[in-house]
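Chain and residue survey
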Amino acid sequence: MNLPAPTPAGFLAAAAPGTRVVVRYRIDGGFTDALGHLVMCDGGACTVRTRQADVVIPLREVVAAKEVPPAPEPRRRAAP
């Protein structure tokens, strides 16, 4: 028997801090994504640390969330 997949908010609540995630959420006029590491998640919001800043996202606005693999290593420049 397969268990139902958790809701996006349920996934975020169960994920360990430090998990790399992408979260799609509603904003005025549409949707946007936050890609980074989950800092925390409480009953009403989650915080994702992106490259630019910590983003606090109300869970009621989250429409999708999932774990993503680590960022690729920066490419090294070839020697001239």
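Residues numbered from 1 in each chain as written. Predicted model: local features only at pLDDT ≥ 70, side-chain atom pairs only at ≥ 80, totals over all residues. Heavy atoms only, no water.

Digging into the confidence of the model for the protein
Overall, the predicted model of the protein reaches an average pLDDT of 92, with 96% of residues at or above 70. Confidence, read as mean pLDDT per element, is least for helix α1 (residues 8–14) in the protein (93) and greatest for strand β1 (residues 20–27) (98). (pLDDT = per-residue confidence, 0-100. Helix = DSSP H or I, 4+ residues; strand = E, 2+ residues; numbered from the N terminus.)

What about the sheet that holds strand β3 (residues 45–49)?
Pairing is antiparallel across the open sheet formed by 5 strands, whose spatial order is β4-β3-β2-β1-β5. Looking at the sheet topology across the chains shown, the edges are occupied by β4 (54–58) and β5 (62–67). In this sheet, neighbouring strand axes are inclined to one another by 40 degrees on average, regardless of whether the strands run parallel or antiparallel. With 8 bridges connecting them, β1 and strand β2 (residues 30–41) associate as antiparallel partners. Its bridge partner lying in β2, V23 is registered against A34. (Pairing = 2+ DSSP bridges. Axes fitted to C-alpha atoms, helices over the stretch in contact; angles between N-to-C directions.)

Some words on the nonpolar core
Formed by 14 residues in total, the largest nonpolar core has its most connected members in L12, V23, C46, V48, I57 and V62. It is β1 that provides the largest number of residues to this core, a total of 3 residues. Beyond its immediate stretch of four places on either side in the chain, V48 contacts V21, V23, A34, L35, G36, H37, V39, A53, D54, V55 and I57. (Core = buried A, V, L, I, M, F, W, Y, C linked by side-chain atoms within 4.5 Å. Buried < 20%, exposed > 50% of the residue type's maximum accessible area, 1.4 Å probe, protein only. Contact = heavy atoms within 4.5 Å.)

So, the environment of R49
Following the sequence through the fold, R49 ends up in strand β3. A relative accessible area of 45% means that R49 is categorised as partly exposed. Measuring from C-alpha to C-alpha, the distance between R49 and V39 comes to 6.4 Å, with 10 residues separating the pair along the chain. Dropping the residues within four chain positions of it, R49 is found in contact with L35, G36, H37, V39 and D54. Side-chain polar atoms of R49 contact the side chain of D54, separated by 2.7 Å. (Polar contact = N/O pair within 3.5 Å; in protein donor to acceptor, adjacent residues only side chain to side chain.)

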